Amino acid sequence: MKNGKLIVVWLSLLLLTAYCLPFTAKAQIAVRGETVWTMTTNEPLRDAVVLINNGKIERIGLSSEIQIPANYRVITAKVVTPGLIDAHSTVGISGYLNQPQDQMQIENSGAMQPELRAIDSYNAEERLIEWLRGFGITTIHTGHGPGAAVSGQTMIAKTVGRTIDEATIVPTAMVAATIGNSALQSGGRAPGTRAKIISMLRSELLKAVDYNRKIDDAKGDAAKMPTRDLRTEMFARILRREIPLLVTAHRHQDIVTAIRIAKEFNLRLILDGVAEATQVLPEIKASGFPVIVHPTMFRAAGEAEFLSMETAAKLKQAGIAFALQSGFEGYVPKTRVVLFEAGVAAANGLSFRDALATVTIDAAKIIGLDARIGSLAPGKDADLAMYDGDPFEYMTHCVGTIINGNVVSEVVR
Amino acid sequence: MNILAKCALALCCLSLTAWAQSKPQAFVGARIIPIVGQPIENGVLVIQNGKIIQIGARDAVKIPSDASTVDATGKTIMPGLVDSHSHIGEVAGADGSAPIQPEIRILDSINVLDNSIQRAQAGGITTVNVMPGSGHLNSGQTLYLKVKDGRTIDDLLIFDKDNKYMGGIKFANGTNPMRPGGTGPFPGTRAKEASLMREQLLKAQDYREKIRRAGNDKTKLPTRDLAMETLAEVLDGKRMVHFHTHRHDDVLTAIRLQKEFGFRMVLQHVTEGWKVAPEIAKAGVPASIIVIDSPGGKLETVELRFETGAILEKAGVAVGFHTDDYITDSRVFLRSAALGVRGGMSRERALYAMTMANAKMLDLDRRVGSLEPGKDADFIVLSGDPLSVYTHVLQTFVEGTKVFDRSNSKDYEIATGGFGVKSELHAHIDCFGDVAGGNQ
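Residues numbered from 1 in each chain as written. Chains lettered and ligands numbered in written order. Predicted model: local features only at pLDDT ≥ 70, side-chain atom pairs only at ≥ 80, totals over all residues. Heavy atoms only, no water.

Focus on the overall build of chain A
Right, on to step 1. In terms of regular secondary structure, chain A is built from 11 helices and 16 strands.
Right, on to step 2. The C-alpha radius of gyration of chain A comes to 23 Å, within 12% of the 22 Å expected for a compact globule of 413 residues.
Right, on to step 3. For chain A, the spread of C-alpha atoms along the three principal axes comes to 65 × 60 × 45 Å.
Right, on to step 4. Counting every position in chain A, which comprises 413 residues, the buried fraction comes to 59%.
Right, on to step 5. Of the contacts formed within chain A by residues at least 6 apart in sequence, a portion of 66% connects residues at least 24 apart.
Right, on to step 6. A total accessible area of about 16,400 Å² is found for chain A, and carbon and sulfur atoms account for 54% of it.
Right, on to step 7. Mean positive and mean negative side-chain charge positions of chain A (43 and 42 charges, respectively) differ by 3 Å. (Helix = DSSP H or I, 4+ residues; strand = E, 2+ residues; numbered from the N terminus. Rg over C-alpha atoms; globule rule 2.2 N^0.38 Å. Buried < 20%, exposed > 50% of the residue type's maximum accessible area, 1.4 Å probe, protein only. Contact = heavy atoms within 4.5 Å. Areas by Shrake-Rupley, 256 points an atom, 1.4 Å probe, with all protein chains shown as cover. Lys, Arg positive; Asp, Glu negative; His and termini not counted. Charge placed at Lys NZ, Arg CZ, Asp CG, Glu CD.)

Okay, here's the thing in structure tokens:
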């Protein structure tokens, strides 16, 4: 009996260790790929090795040049890419059950609530996070969705971790806003028109200008600081260019409106969706603002009815910085898979490398994390995806995913 | 141009088309995937009068001397895709007044000028089962269509040997037809769903019995009842039941009803079919499955897997795929099969599922679904492997008439999207260019 108990204790300890292992152990791994897309150069490396140590990439080079240390676990794959980045998602906030209790992307009590933090509703154990991880997606920029004039904050998480704290890498990434029909209220509630959305937004920003002035005038004297106001505080941070404003706008006039407001208040703007981008390419290009374009296979309906599978290619041709996204869906699929979206972009005018960049290095740049993720280079996070063929081909499988130097997925998906 | 001149021109065009059709046309040099039989490298497909007249390897087919030839070297030709479950044409079936409305005909609702029809052509779909929705236990009669360029629904209908337009009927169970907490006529539980269906089918059995007893005596016939008439066709096996069902227990409920009443059935969606694959196989009913990019969206689809097709295939179930357009986009229908292969299906069965298997579900396998002499000249020309993401549908032919051509700028725009793509009705009867532009 006593022995039995001891065994149970030992077993529990073992199980606990095994459970915690993926999140704590910093294994030394060598990933050897027939083709390795580092995204630091235009061409991939052929027969190359990525050495991983202590969660970071230690070294990359051709197999002929790198001696794999004896204690490294060796994993081989046909194709190796940086861990994929979904530049705009609602996963973890908008759950796969699609029931009222797991749809946290929109709070309907107010039109403008930038104070709503994504970290206060992110569900790290959401099934879709595991689903995406199985396709090689290692980072998601997620949070409050389109569908309110200012819906709330977004965050950036690795697709791993049992808790929000384990997952999060940027707790407040952007503030999400929408210019378009989905932000409009009915029954006399504001905003009821596009012009009203903008007048409300400008009023809030003007309030924040005043708030910032009071802070400046206080010169660090706590007694002279304005009374804290969570909402104005966030608009004030946007004005101080600490946080970008992510504006979902599909219609061409709404895209131009977003640019107009960003110029007026000198905001860091990231354009999102932009189904009709091709109507205003020169204006987007001249603004210098980056774009997170609609998923290639997004439904051509409503305000996005004029989207094109070629929008991504046309943004590229115009020289506009952009990334792909999975976007938000009210019904199915509860998340798209950016790997598939990039594949369809590659089949519709983008080169393979440019398409891969939309879900790796270019996405990293737009979410402000290119120093840390998005390419395979020494010192960067060891986030890798492994495939048994061309990653974009439908019949290829993702055969492994590494995040922060840990093998977090070995399902064949 | 005045209306009269347009009509004259249209007539002229029609007769020109007929003339062009009567002359054989040979597509030469493509890799041909006939679905029935092995792929043919460097093959020849000869069509005439809307039918396939010859198919085979280049050195085995004697191309008729009067045939016009089309060089299809480097291309892949396969049968037009059959979509066993779609909602193209802006359709709406039963309304909110009752959960069982078999008398409703989707025929009376379809807009053939909606550009969803052209998206289907762009995706290589040549035959489609257009269905009413799933918010009812029975939302009405479905319609089997050829995805032709039509001005009216009559141009798209398919007729059976009795010259009756063809279609099935839509049944559904699970959460969609439920209105929990409601006080109206809709069911609130699964058991109630089954009982309401059984009740109606029993009534239909009575109705059918009255007709049988009346024999040739018309005075003894029951008063015509549109709903009962339709369900009697179901009981007679003349109208295929397309049963929307997701969860494993709902799948078994559908099979239980089918056994009790002996109707013919296709399981539709079958998200959790992988859990009851042996039972589906044993029941001998085919399954048309949907492929969605991620699980969930509603409670009964949280266990969606890419492996469903493979598991059903291995169990011996006849598997098909469908778009459920607008749930998935008709333009990328081929990716359903490709993702099925990703989940473990064989290439052969996945392509069969897009064509012959679906054709069988619609009782149309003698006319469409494979490339064989005597069958309708419904085929697609592809730029490469049908299952590759990089492959595009280049041309779509229905009964020998080209209904989609990626090299045509308007068709290209339908295939990829773009500004204005939906605001115009691209009614592309070629001679009617100015009508298509909406300049009338």
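Focus: the overall build of chain B
Right, on to step 1. The helix and strand tally for chain B stands at 12 helices and 17 strands.
Right, on to step 2. Taken along its principal axes, the extent of the C-alpha atoms in chain B is 65 × 55 × 50 Å.
Right, on to step 3. Among the 440 residues that make up chain B, the fraction classed as buried is 57%.
Right, on to step 4. In chain B, the share of contacts with a sequence separation of at least 24, taken over all contacts with a separation of at least 6, comes to 66%.
Right, on to step 5. As displayed, chain B offers around 17,800 Å² of accessible surface, 52% of which is attributable to carbon and sulfur atoms.
Right, on to step 6. Both charge centroids of chain B, one from 51 positive and one from 51 negative side chains, sit 3 Å from each other.

Some words on the packing of helix α8 (residues 334-342) of chain B against helix α9 (residues 347-354) of chain B
Residues and elements named next belong to chain B.
Right, on to step 1. Taken N-terminus to C-terminus, the directions of α8 and α9 make an angle of 150°; their axes are 9 Å apart at the nearest point. On the basis of the axis angle, α8 is roughly antiparallel to α9. For the element pair α8 and α9, the recorded crossing hand is right-handed. Only R347, A350 and M354 of α9 make contact with α8, whose side of the interface consists of L334, A337 and V341.
Right, on to step 2. In terms of residue class, the contact of α8 with α9 is made up of 5 nonpolar, no polar and 1 charged. (Axes fitted to C-alpha atoms, helices over the stretch in contact; angles between N-to-C directions. Parallel < 35°, antiparallel > 145°, perpendicular 65-115°, else oblique. Left-handed = near helix turned anticlockwise from the far one by under 90°. Nonpolar A, V, L, I, M, F, W, Y, C, P; charged D, E, K, R; others polar.)

Looking at the interface of chain A and chain B
Right, on to step 1. Across the boundary between the two partners, chain A contributes 44 residues, which contact 38 residues of chain B.
Right, on to step 2. Buried area between chain A and chain B, summed over both chains or domains, comes out near 3,600 Å², and the portion from carbon and sulfur atoms is 60%.
Right, on to step 3. For the chain A face of the interface with chain B, the top three residues by lost area are F306, Y394 and M395 of chain A, together amounting to 21%.
Right, on to step 4. There are 0 salt bridges connecting chain A and chain B.
Right, on to step 5. At the junction of chain A with chain B, the criterion picks out 23 residue pairs in polar contact (both at pLDDT 80 or more).
Right, on to step 6. Looking at the side of chain A that touches chain B, the elements that each hand over two or more residues are α2 (127-133) and α9 (338-346) of chain A. (Buried area = accessible area lost by both parts, 1.4 Å probe. Salt bridge = Lys/Arg side-chain N within 4 Å of Asp/Glu carboxyl O. Polar contact = N/O pair within 3.5 Å; in protein donor to acceptor, adjacent residues only side chain to side chain.)

Observations concerning the nonpolar core
Right, on to step 1. Judged by nonpolar contacts, the single largest core of 175 residues is most densely connected at Y122 of chain A together with I280 of chain B.
Right, on to step 2. Among the elements that make up this core, the one with the highest residue count is α9 of chain A (7 residues).
Right, on to step 3. In this structure, I280 of chain B is in contact with V251, I255, L267, V270, G273, V285, L312 and V317 of chain B, ignoring residues within four places of it in sequence. (Core = buried A, V, L, I, M, F, W, Y, C linked by side-chain atoms within 4.5 Å.)

Let's talk about the confidence of the model for chain A
Right, on to step 1. Mean pLDDT over chain A works out to 94, with 94% of the residues at or above the 70 mark.
Right, on to step 2. Contacts of residues 15-24 of chain A to residues separated by more than four positions or lying in other chains number 8 contacts, the stretch itself having pLDDT below 50. (pLDDT = per-residue confidence, 0-100.)

A short note on the environment of V247 of chain A
Residues and elements named next belong to chain A.
Right, on to step 1. Mapping V247 onto the fold places it in strand β10 (residues 245-249).
Right, on to step 2. Assessed through its relative accessible area of 4%, V247 is described here as buried.
Right, on to step 3. When the C-alpha positions of V247 and A208 are compared, they lie 18 Å apart, and in sequence the two are 39 residues distant.
Right, on to step 4. Contact partners of V247, with chain neighbours within four places excluded, come to A177, I179, A258, L269, I270, L271 and D272.

Things to note about the sheet that holds strand β9 (residues 143-146) of chain B
Sheet strands pair via backbone hydrogen bonds, and the direction of the pair is either parallel or antiparallel.
Residue and element names in this part refer to chain B.
Right, on to step 1. An order of β6-β7-β9 is seen for the 3 strands of this open sheet, with the pairing classed as mixed. Looking at which strands have only one partner, the edges of the open sheet turn out to be β6 (81-86) and β9. The average undirected angle you get between the axes of adjacent strands in this sheet is 20°.
Right, on to step 2. Here strand β7 (residues 125-130) pairs with β9 via 4 bridges, running antiparallel. Within β9, the residue paired with V128 across the bridge is L145. (Pairing = 2+ DSSP bridges.)

What about the sheet that holds strand β8 (residues 138-141) of chain B?
Residue and element names in this part refer to chain B.
Right, on to step 1. Taking strand neighbours across the sheet as the criterion, the 6 strands line up as β8-β10-β11-β12-β13-β14 in an open arrangement whose pairing is mixed. Edge positions in the open sheet fall to β8 and β14 (319-321), since each of these has one partner strand only. Strand-to-strand, the axes of this sheet are offset by a mean angle of 25°, without reference to chain direction.
Right, on to step 2. On top of the sheet, helix α4 (residues 226-235) reaches β8, β10 (169-172) and β11 (241-245); it is set at about 85° to β10, its chief contact.

Overview of the side chain of T38 of chain A
All names here are of chain A.
Right, on to step 1. Looking at where T38 falls in the secondary structure, it is placed in the loop between β1 (29-36) and β2 (45-53).
Right, on to step 2. For T38, a relative accessible area of 3% puts it in the buried group.
Right, on to step 3. Of note is the side chain of T38, whose polar atom sits 2.8 Å from the side chain of T40.
Right, on to step 4. If we skip the residues at most four places from it in the chain, T38 touches L45, I60, P82, S375 and L376.

Quick word on helix α2 (residues 115-122) of chain B
All names here are of chain B.
Right, on to step 1. Across the 8 residues of α2, 8 count as buried, placing the element largely inside the fold.
Right, on to step 2. Restricting attention to buried positions, one finds in α2 the residues N115, S116, I117, Q118, R119, A120, Q121 and A122.
Right, on to step 3. Looking at the buried positions of α2, the neighbouring elements they touch are β7, β16 (393-398), β17 (401-405) and α11 (409-416).
Right, on to step 4. Directly beyond the C-terminal end of α2, a positive phi value near 85° is found at G124.

Some details on the packing of helix α3 (residues 190-214) of chain B against helix α5 (residues 248-261) of chain B
Residues and elements named next belong to chain B.
Right, on to step 1. The N-to-C vectors of α3 and α5 enclose an angle of 15°; their axes lie 11 Å apart at closest approach. As far as their axial angle goes, α5 and α3 are roughly parallel. α5 is crossed by α3, and the crossing has right-handed handedness. Contact with α3, carried on its side by R190, A194, M197, R198, L201, L202 and Q205, involves D249, D250, T253, L257, E260 and F261 of α5 and no other residues of that element.
Right, on to step 2. Here the residues of the contact of α3 with α5 are counted per class, giving 6 nonpolar, 2 polar and 5 charged.

Focus on the environment of I255 of chain A
All names here are of chain A.
Right, on to step 1. Here I255 shows up in helix α6 (residues 252-265).
Right, on to step 2. Along the chain, I255 and G55 lie 200 residues apart, while their C-alpha atoms are 40 Å from each other.
Right, on to step 3. Leave out the neighbours within four places in its chain, and I255 touches A249, H250, L271, V274, E276, A277, V280 and I284.

Focus: the pairing of strand β12 (residues 265-269) of chain B
The side chains of a regular strand alternate between both faces of the sheet.
Residues and elements named next belong to chain B.
Right, on to step 1. Burial analysis of β12 places 5 of its 5 residues in the buried class, which makes it a mostly covered element.
Right, on to step 2. As paired elements, β11 and β12 share 5 bridges and run parallel to each other. For H244, the partnering residue across the bridge sits in β12 and is Q268.
Right, on to step 3. Between β11 and its parallel partner β12, the chain crosses via α5, and the hand of that crossover is right-handed.
Right, on to step 4. Crossover handedness for the path β12 to helix α6 (residues 277-283) to strand β13 (residues 287-289): right-handed. (Right-handed = clockwise from strand over helix to strand, strands pointing away.)

Remarks on the environment of G33 of chain A
All names here are of chain A.
Right, on to step 1. You can see G33 is positioned in strand β1.
Right, on to step 2. Take G33: its relative accessible area is 1%, and that puts it in the buried class.
Right, on to step 3. Between the alpha carbons of G33 and A48 there is a distance of 5.6 Å; along the sequence they are 15 residues apart.
Right, on to step 4. Beyond its immediate stretch of four places on either side in the chain, G33 contacts D47, A48, A77, K78 and V80.

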